[in-house]
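Understanding the architecture of this molecule
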Amino acid sequence: MTDRKRRWICAGLILLFTVGLGFYGSKREQGEKEKKAVKTEAQEEAIDEATEETENAEVAHIVMTYQTLGSQSRTAELEEVVEAVNKIARKEIGVEVELKVSEATDSFTDYPLWISQGEPIDLMILNYQDITGYVKSHMIVPLDTLLDSYGSGIREIMKNGDDLTQGSVYQGKTYGVTNVSGGGGSGGGIWISRQILHSVGIQYEENHIYSIEELDEILSRLKKRYPDSYPLGQITAGATSTTYMYYCENDWNFSGSFTTGILKDGRICDFYETEEYYQFLLQLKEWYEKGYIFPDAAFTDEKQADLYQAGLILSKPFTSMPGMADELMADDLVCLKTTDIWKGERGERAGFWVIPVTSKNQAAAMKFLNLMLTDTRIGNLFSWGIEGEHYVVKEDGTVTYPEGKDIATVGYRNPMGLYGDYSKIYRMQSKEEKEELDKYVRQTRIRKNQYEGFVYDKTNVADKLVKVQEVVQEYIPVLESGSVDLELYYPEFINALNQAGMRDIIEDKQSQFDAYLAEEEMDGDK
């Protein structure tokens, strides 16, 4: 396949998402002012009606999106799991849930289409999607009043120091709530079999931070030892953001995502125009030409785990948190850490639960979200299924599959970690693995931000952020696969970003940052 053909394929995929947003936008233009005027009033009416409910009242019905992840998810007995969830929800809050299933990668186009068609959806997870576009297109509703009325458990979690809404607040209104991650922080690294490392004479060092040069030497040895495999599992098909953080240390993600500009040398600048990012692309290009990266990394339909199981790739670049590469189903995985372990602020792509404008029962949706984040039973059901049928609890408190079953034969499993308080639900971890995770969390370093009072308000550039993100989603898969001519495609990428409004975003953020600094200076003089 030619580079030009690949570009059109990728552009076509992005166009689907753009059409979804655009179609919805055109459909809402008529009467938009009236909708804005009654939106808050409609929420208040929904809350007043829900307040009158009693335990004997009719059970409220909501529709919630449910994401799967290819062969890593098992949904043959999903209906049984949903009924078990509803048995709890009906009793506790008078709500029952119906799931609307979408493959994780398809959700980028499914969601805008469903909402544009007016399909009733009450609760929706924006997994790796930028919430900005949904706010700008008026596809989701503000949650503040609903949280105050029905989100007491969520508010309590936030009082204890975990801001589940960070990254979702626009013009003073909250639009999303994340799940509770349960992790202290995360870093970057390359997951690989300890045995494979030993086979090429590499002794794994748990606390060592591996440099690009050291990775290059390891990949070289692996390619010589396994010539028919690709040692670096850099699979970028469907990628919606950069993989830079899996390889390189940085402290740039400043009040937002890479798409809003980073703080470097005291100024806001475009991350993608930095020398560091271009050198990263050059390194990936070199590794691709050496045969370290899967040739069809940017366009393959195969899942990363399936390629690993088939022996086509030998590793997975990802966050270094223990357990994050479990889907590779290897018993001796270790992580070649490439960065320190940091805990920073959440951004617009933190994975927010939102309530779409097509919701028929916003109050019930918030009730269920509150229950899901506070009742461990719900999180365990959505993650593991029904105890005794889909998993069993061992004496040490960890879980495993029932006798005679495994990941390939069990009737239910969802490994995505999107549901409930992930710090409390069961893990398929031995006592040693649990201790490993606890140790990882203790190693977390807090990324101190000297400008922590600065919060970038994206209202003025929300439409441009959507267009910039579309460009990123078009070019990142090919650029970071190492498979294209950088002299041609990198300038084209930067030009496309600027045409989409990147420089306007940078200028807007710089202006707000300058105003913040001036205000801080005035306060300091008082």
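Residues numbered from 1 in each chain as written. Predicted model: local features only at pLDDT ≥ 70, side-chain atom pairs only at ≥ 80, totals over all residues. Heavy atoms only, no water.

**Describing the packing of helix H7 (residues 152-159) against helix H12 (residues 362-374)**
- It is at 7 Å that the axes of H7 and H12 come closest, and there the two elements cross at 45°. The angle between the axes of H7 and H12 places the two elements in the oblique class. On H12, the residues touching Ser152, Gly153, Ile154 and Ile157 of H7 are Met366, Leu369, Asn370, Leu373 and Thr374.
- A class-by-class count of the residues in the contact of H7 with H12 yields 5 nonpolar, 4 polar and no charged. (Axes fitted to C-alpha atoms, helices over the stretch in contact; angles between N-to-C directions. Helix = DSSP H or I, 4+ residues; strand = E, 2+ residues; numbered from the N terminus. Parallel < 35°, antiparallel > 145°, perpendicular 65-115°, else oblique. Contact = heavy atoms within 4.5 Å. Nonpolar A, V, L, I, M, F, W, Y, C, P; charged D, E, K, R; others polar.)

**Description of the nonpolar core**
- Tyr247, Tyr272, Tyr277, Trp287, Leu336, Phe493 and Leu497 are the most contacted members of the largest nonpolar core, which has 72 residues in total.
- Among residues more than four places away in sequence, those in contact with Tyr277 are Thr242, Tyr244, Phe271, Tyr272, Ile476, Glu480, Tyr490 and Phe493.
- The next biggest cluster of nonpolar side chains, apart from the first, holds 62 residues, and it includes Ala84, Ile88, Ile140 and Tyr412. (Core = buried A, V, L, I, M, F, W, Y, C linked by side-chain atoms within 4.5 Å. Buried < 20%, exposed > 50% of the residue type's maximum accessible area, 1.4 Å probe, protein only.)

**Considerations on the sheet that holds strand S13 (residues 352-354)**
- Spatial strand order, S3-S13-S6: 3 strands in an open sheet with antiparallel pairing. Since the sheet does not close on itself, it has two edges, and those belong to strand S3 (124-126) and strand S6 (177-178), each with one partner.
- Bridging between S6 and S13 involves 2 bridges; their strand directions are antiparallel. Residue pairing in the sheet places Thr178 in a bridge with Phe352 of S13. (Pairing = 2+ DSSP bridges.)

**Some thoughts on the sheet that holds strand S10 (residues 315-319)**
- A sheet is described by the order of its strands in space; here 3 strands give the open sequence S10-S7-S11, paired in antiparallel fashion. In this open sheet, the two edge strands, each paired with only one partner strand, are S10 and strand S11 (333-337). Strand-to-strand, the axes of this sheet are offset by a mean angle of 30°, without reference to chain direction.
- Looking at chain direction, strand S7 (residues 188-193) and S11 are connected through 5 bridges and run antiparallel. When the sheet's bridge partners are listed, Ile192 is paired in S11 with Val334.

**Some thoughts on the packing of helix H9 (residues 212-225) against helix H10 (residues 275-289)**
- Closest axis-to-axis distance for the H9/H10 pair is 12 Å, and the angle between their directions is 10°. On the basis of the axis angle, H9 is roughly parallel to H10. Contact residues: H9 offers Ile212, Leu215, Asp216 and Leu219, while H10 offers Gln283, Glu286 and Trp287.
- Considering only residue class, the contact of H9 with H10 consists of 4 nonpolar, 1 polar and 2 charged.

**Thoughts on the packing of aromatic side chains**
- Summed over the entire model, instances satisfying the criterion amount to 22 aromatic pairs.
- With 5.4 Å between their ring centres and 75° between their planes, Tyr272 and Phe493 make a pair best called edge-to-face. Here Tyr272, found in the loop between strand S9 (267-269) and H10, pairs with Phe493, found in helix H16 (residues 486-500); they are 221 residues apart in sequence, far enough to count as distant.
- An aromatic cluster of at least three residues, connected via ring pairs, comprises Tyr244, Tyr247, Phe258, Phe271, Tyr272, Tyr277, Phe280, Trp287, Tyr475 and Phe493.
- The residue whose ring lies beneath Arg225 is Tyr226, and the NZ or CZ to ring-centre distance is 4.8 Å.
- The lysine or arginine in question, Lys316, covers the ring of Phe318, its NZ or CZ lying 4.4 Å from the ring centre. (Phe/Tyr/Trp six-rings, centres within 6.5 Å; stacked < 30°, edge-to-face > 60°. Lys NZ or Arg CZ within 6 Å of the ring centre and 35° of its normal.)

**Focus on helix H15 (residues 462-479)**
- Compared with the 26 Å implied by 1.5 Å per residue over 18 residues, the 25 Å span of H15 between its first and last C-alpha is a close match.
- The element H15 is largely enclosed, with a buried count of 15 among its 18 residues. (Expected span 1.5 Å × (residues − 1).)

**Some thoughts on helix H4 (residues 107-116)**
- The buried count for H4 comes to 8 of 10 residues, which makes it a mostly enclosed element.
- Of all the positions in H4, only Ser107, Phe108, Asp110, Tyr111, Pro112, Trp114, Ile115 and Ser116 are classed as buried.
- Two residues or fewer after H4 comes Gly118, characterised by a positive phi angle close to 75°.

Geometric descriptors of this kind do not, in isolation, establish any biological role.
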